[in-house]
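A look at the structure
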Amino acid sequence: MKRFKFEAYGYIKDMFAQHHMVKRVILSLISIVVMGFGISLFSVSGFGVDPFTSMNMNVASTLGIGFGTYQLIVNFIILLYVIIVAHRGLVGVGTVFNMVGCGYTCEFFQNIFEPLVKEHYTMSLRVPLLAAGIITLCFACSLFFTANVGVGPYDALGFMLSRGVKLEHKWTRVITDITVVLIGLVVSGGLTSLLHGNLSGVHNIGIGTIITAFCMGPLINFFNKHVSAKIFNVDYERLSKDVAFFMIKGALLKNSVPVAVRQGRRSYKMIDAVNPIR
């Protein structure tokens, strides 16, 4: 019980350790809405969605439940595992926003857009929808990451795996992405269809999924440097060029604050120098 109280106290202190937390929390919430909007454009284009979403959509469809509800359940299970095993700096209020809001927001916008594009579902419409979806999703991810108030449950798995197997995060992310795509294919019957040459039996996976796997990282880094870093007044280049390292660095900084408090005002200046958010 004492350990639980200590951890709960630690989570609360971590959550409010950074400057301008109100701004960070609000923009983190906005980023989730924008993220859901981008994923819905992605989905409506018919060119597939990002790996984690493809698994959740395929499994939810097979089970006959809503995508938002299924994604919430999966994220909750992952979050419990992360809380038990991982460094608590990876979890914050943004983690909750991501867990609860992303799936339902996507489902909401998708229900609006699908009837609108149904009558004009041509390549001249699908390609712009795909491009808009990818750009919007990458911007939203950049805003969410740079807010640094928690990592999404699925993203946390990549960080944890990277630390456990001593591989760079970009490779562990490839491993997790391939794994979730395969799970979605197997459960939905898409893998069997693919092996028999029936591409029509493969759902929510396509060229968009491949583009996302190779382009999201560079695009997110672009938005981090030129947009999100300016919004939050963060010297992103000084922290790292890699989003994964940036998030881990932020987590370590947040968790060092209780020690800094005991060491006095000078330690706060040291933290501000590394994470200059005014």
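Figured I'd write up the structure that's included with this text. (Residues numbered from 1 in each chain as written. Predicted model: local features only at pLDDT ≥ 70, side-chain atom pairs only at ≥ 80, totals over all residues. Heavy atoms only, no water.)

**Things to note about the overall build of the protein chain**
A tally of regular secondary structure across the protein chain gives 13 helices and zero strands. In the protein chain, the order of α-helices and β-strands from amino to carboxyl end is α-α-α-α-α-α-α-α-α-α-α-α-α. Looking at the protein chain as a whole, 49% of its 278 residues qualify as buried. Of all intrachain contacts in the protein chain linking residues separated by at least 6 positions in sequence, the fraction that spans at least 24 positions is 75%. If you sum the accessible surface of the protein chain, you get close to 14200 Å²; carbon and sulfur atoms cover 69% of it. (Helix = DSSP H or I, 4+ residues; strand = E, 2+ residues; numbered from the N terminus. Buried < 20%, exposed > 50% of the residue type's maximum accessible area, 1.4 Å probe, protein only. Contact = heavy atoms within 4.5 Å. Areas by Shrake-Rupley, 256 points an atom, 1.4 Å probe, with all protein chains shown as cover.)

**What about the nonpolar core?**
Counting residues in each nonpolar core, the largest one holds 30 residues, and the members touching the most others are Met35, Leu137 and Cys141. Every element with two or more residues in this core is listed here: helix H2 (21-45), helix H5 (93-117), helix H6 (123-147) and helix H10 (207-232). Here this core takes ten residues from H6, the largest share from any one element. Those residues in contact with Cys141, other than ones at most four positions away along the chain, are Met35, Met216 and Ile220. Counting residues in hydrophobic clusters, the runner-up holds 18 residues, among them Val59, Val82, Met99 and Ala156. (Core = buried A, V, L, I, M, F, W, Y, C linked by side-chain atoms within 4.5 Å.)

**A closer look at the packing of aromatic side chains**
Taken as a whole and judged by the stated rule, the model has eight aromatic pairs. Between the aromatic rings of Phe37 and Phe109, the centroid separation amounts to 5.2 Å while the plane-to-plane angle is 85°, which identifies the pairing as edge-to-face. Pair noted here: Phe37 is in helix H2 and Phe109 is in helix H5, with a separation of 72 residues, a long-range link. By relative accessible area, which is 17% here, Phe109 ends up buried. Consider the rings of Phe52 and Tyr154, whose centres lie 4.4 Å apart with planes at 10°: the pair is stacked. Remark: Tyr154 occurs in helix H7 (residues 153-165) and Phe52 occurs in helix H3 (residues 51-63); sequence separation between them is 102 residues. (Phe/Tyr/Trp six-rings, centres within 6.5 Å; stacked < 30°, edge-to-face > 60°.)

**Here's the deal with the state of the cysteines**
Under the definition given, this model contains zero disulfides. Not engaged in a disulfide, the cysteine Cys138 finds its nearest cysteine sulfur in Cys141; these two sulfurs lie 6.4 Å apart. (Disulfide = S-S within 2.5 Å.)

**Quick word on the packing of helix H4 (residues 67-85) against H7**
Between H4 and H7, the least distance of the axes is 9 Å, while the angle of their chain directions is 40°. Two packed elements cross with a definite hand, and for H4 against H7 that hand is left-handed. Along its contact with H4, which presents Asn75, Ile78, Leu79, Tyr81, Val82 and Val85, the element H7 presents Pro153, Tyr154, Ala156, Leu157, Met160 and Arg163. Here the residues of the contact of H4 with H7 sort into ten nonpolar, one polar and one charged. (Axes fitted to C-alpha atoms, helices over the stretch in contact; angles between N-to-C directions. Left-handed = near helix turned anticlockwise from the far one by under 90°. Nonpolar A, V, L, I, M, F, W, Y, C, P; charged D, E, K, R; others polar.)

**Describing H2**
Note: α-helices contain 3.6 residues per turn, so residues at a spacing of three or four share the same orientation. Taking 1.5 Å per residue as the helical rise, H2 with its 25 residues ought to reach 36 Å, and the 36 Å between its terminal C-alpha atoms agrees with that figure. Directly after H2, the chain includes Gly46, whose backbone phi takes a positive value near 80°. (Expected span 1.5 Å × (residues − 1).)

**Looking at the packing of H2 against H10**
Here H2 crosses H10 at 150°, and the two axes come no closer than 15 Å. Judged by the inter-axis angle, H2 sits roughly antiparallel to H10. The two elements H2 and H10 cross, and the hand of that crossing is right-handed. Contact with H2, carried on its side by Lys23, Arg24, Leu27 and Phe42, involves Gly208, Thr212, Ile231 and Phe232 of H10 and no other residues of that element. Among the residues making up the contact of H2 with H10, the classes are represented as four nonpolar, two polar and two charged. (Parallel < 35°, antiparallel > 145°, perpendicular 65-115°, else oblique.)

**Details of a nonpolar patch on the surface**
A cluster of nonpolar side chains, Val165, Leu167, Trp171, Val174, Ile175, Ile178 and Leu182, forms an exposed patch at the surface whose accessible area comes to about 610 Å². Checked against the element boundaries, Val174 lands in helix H8 (residues 169-188). (Patch = residues over 30% accessible without salt bridge, like charges linked within 9 Å, V, L, I, M, F, W, Y side chains within 5 Å. Salt bridge = Lys/Arg side-chain N within 4 Å of Asp/Glu carboxyl O.)

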